[in-house]
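Residues per chain, in single letters:
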Amino acid sequence: MLSENDLHGIYVPVITPFDTQERLDVESFERYLTSLIQHDMDGIVLNGTTGESPTTAWDEVGRLAEAARACMRSKALPLVIGSGTNSTAESVRRTEAAGLWGADAVLAVTPYYSRPSEEGVIEHFRRIASVGFPVIAYEVPSRTGVTLSAETMKRILDLDGIIGLKDASGGTSLAEKLLPNCQKPILCGEDAHLLEMLQLGAAGGMLASANVHTTAFLDVYAQAASGNMSLAAATFDRLLPLIRLLFRESNPAPLKWLLARQGHIASDTLRCPMARISDALQEELSALSEVIA
Ligand SMILES: O=C(O)C1=N[C@H](C(=O)O)C[C@H](O)C1
């Protein structure tokens, strides 16, 4: 199981491949993951936003977890499974199941849609953490519709069992407020802000774009961790045009398109209502990926 001391570096949230009929494509998943983990990333995330958690059924996550554990047998790599929903009871059940499926921690998103009070959100995380399995809180207001204050986030991070935060709050202001008086690791969850977050003292990132040019993202982290910020900035600057394109339309649609084009997965199919990227973005992505290949 992951502890707060182990939670650092670059975690790669993987896509959930579907065939052209929108059925789960476990074969592509195994092939893709086996090739991805040739890199020395610090962990893998299943069923995050990049894994299309809103449209992936929980029993399908179980099948992917089993496949991931088999692919990762020869590599001691932490596996994080997204178990958060907007129902506390369901999130608790999923957290228990993720532990049984061999996850090392779960990722629990701020409960979305129902717009609970901040006290309600704290109680949500308290009940998930009380399962006794390590929980990484995931703050992503642009998707959840709920923006937590730094004070509330600090109270969540202070809960026993919450081992850290994936901060996709849309900028650096939450991290700026939390980092000076927070012992628990904060990982960047907003790819374009990775460098600034590392400069502020973030412990790493969970980054969809690290599915592509994984080594360069690992370099940015290693260079920043060793204090060579100017080298980290130069490496990161080369990645920024790609990051911008990968988030121009909703993640993970651009990423899936690119991985399918590169032959890593059989199809770029997303589950409706997510849809394939525009022709214009396809053109820009193919031009850029040839330049920085
Ligand atoms: O997979 C995730 O979870 C991530 N979610 C963020 C988002 O798409 O909002 C982006 C991050 O790179 C990974």
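Predicted model only: the values in this text are computed from it and were never measured.

Caption draft 1: Region of the structure containing the UniProt feature "active site" (unreviewed entry) in the protein. As recorded in UniProt, the feature "active site" (unreviewed entry) lies at Tyr138 and Lys166. For the annotated residues, spread through 29 residues, the largest C-alpha to C-alpha distance comes to 4.7 Å, consistent with a single compact locus. Looking at where tyrosine 138 falls in the secondary structure, it is placed in strand E5 (residues 135–139). For tyrosine 138, a count of 24 C-beta atoms within 10 Å puts it in the buried group. Once you skip the residues sitting within four places of it in the chain, tyrosine 138 turns out to touch Gly84, Leu107, Ala108, Val109, Thr110, Lys166 and Gly189. Tracing the sequence through the fold places lysine 166 in strand E6 (residues 162–167).

Caption draft 2: Summary view of the site of the ligand. The ligand sits among 13 residues. The nearest are Pro13, Gly48, Thr49, Thr50 and Ala208. Here the residues of the shell around the ligand are counted per class, giving 6 nonpolar, 5 polar and 2 charged.

Caption draft 3: Broad picture of the sheet that holds strand E4 (residues 105–109). Pairing within the closed barrel is parallel, and its 8 strands lie in the order E1-E2-E3-E4-E5-E6-E7-E8. Neighbouring strand axes in the sheet, compared pairwise and without regard to direction, differ in orientation by 30° on average. Both E6 and strand E7 (residues 186–188) contribute to a ladder of 3 bridges, which runs parallel. Within E7, the position partnered with lysine 166 by the bridge is leucine 187. Its contacts with the sheet place helix H2 (residues 58–71) against strand E2 (43–46) and strand E3 (79–82), and it is angled at close to 160° to E2. Here helix H9 (residues 214–225) sits on the sheet and contacts strand E1 (9–13) and strand E8 (204–206); the angle it forms with E1, its principal contact strand, is near 150°.

Caption draft 4: Highlighting the environment of valine 140. Within the secondary structure, valine 140 is located in the loop between E5 and helix H5 (141–144). In this structure valine 140 comes out as buried when scored by C-beta crowding, with 20 C-beta atoms within 10 Å. In this structure, the C-alpha to C-alpha distance between valine 140 and valine 109, residues 31 residues apart in sequence, is 7.4 Å.

Caption draft 5: Up close: the UniProt feature "binding site: pyruvate" (unreviewed entry) in the protein. As recorded in UniProt, the feature "binding site: pyruvate" (unreviewed entry) lies at Thr50. Mapped onto the elements of the fold, threonine 50 is located in the loop between E2 and H2. Other than its neighbours up to four places away in sequence, threonine 50 contacts Pro13, Val14, Ile15, Ala208, Asn251, Pro252 and Leu255.

Caption draft 6: Molecular detail of the pairing of E3. Burial along E3 is two-sided: the residues Leu79 and Ile81 and Val80 and Gly82 are all buried. Taken together, the 3 bridges between E2 and E3 define a ladder with parallel strand orientation. Residue pairing in the sheet places valine 45 in a bridge with valine 80 of E3. Tracing the backbone out of E2, into H2 and back to the parallel element E3 gives a crossover that is right-handed. Here E3 runs beside E4; their pairing, made up of 3 bridges, is parallel. Of the residues in E4, the one forming a bridge with valine 80 is alanine 105. Since E3 and E4 lie parallel, the crossover through helix H3 (residues 88–100) that links them has a hand, and here it is right-handed.

Caption draft 7: Region of the structure containing the nonpolar core. In this structure, Leu46, Val80, Val106, Val135, Ile136 and Ala137 are the most contacted members of the largest nonpolar core, which totals 88 residues. Ranked by residue count, the leading element in this core is helix H10 (residues 229–246), at 7 residues. Discounting chain neighbours no more than four positions away, the residues touching valine 106 are Val80, Ile81, Ser83, Thr95, Ala98, Phe133 and Val135.

Caption draft 8: Main features of the packing of helix H1 (residues 26–36) against H2. Two elements in contact, H1 and H2, have axes whose closest approach is 10 Å; the angle formed by their N-to-C orientations is 35°. The handedness of the crossing between H1 and H2 comes out as right-handed. Note on element contacts: H2 touches H1 through Arg63, Leu64, Ala67, Ala68 and Cys71, opposite Val26, Phe29, Glu30, Leu33 and Thr34. Looking at side-chain class alone, the contact of H1 with H2 contains 7 nonpolar, 1 polar and 2 charged residues.

Caption draft 9: The arrangement of the pairing of E1 in detail. In terms of residue burial, E1 counts as a mostly covered element, since 5 of its 5 residues are buried. When E1 meets E8, the two strands line up parallel, connected through 3 bridges. Each residue of the ladder has a partner; that of isoleucine 10, found in E8, is glycine 205. Across 3 bridges, E1 lies against E2 in parallel orientation. The residue of E2 that forms the bridge with valine 12 is isoleucine 44. Following the backbone out of E1, through H1 and into the adjacent parallel E2, one traces a crossover that is right-handed.

Cut-offs applied
Residues numbered from 1 in each chain as written. Predicted model: local features only at pLDDT ≥ 70, side-chain atom pairs only at ≥ 80, totals over all residues. UniProt positions renumbered as here; feature names shortened; annotations may be inferred. Helix = DSSP H or I, 4+ residues; strand = E, 2+ residues; numbered from the N terminus. Buried ≥ 20, exposed ≤ 12 C-beta atoms within 10 Å, placed from the backbone. Contact = placed C-beta atoms within 7 Å. Near = placed C-beta within 6 Å. Nonpolar A, V, L, I, M, F, W, Y, C, P; charged D, E, K, R; others polar. Pairing = 2+ DSSP bridges. Axes fitted to C-alpha atoms, helices over the stretch in contact; angles between N-to-C directions. Right-handed = clockwise from strand over helix to strand, strands pointing away. Core = buried A, V, L, I, M, F, W, Y, C linked by C-beta atoms within 7 Å. Left-handed = near helix turned anticlockwise from the far one by under 90°.

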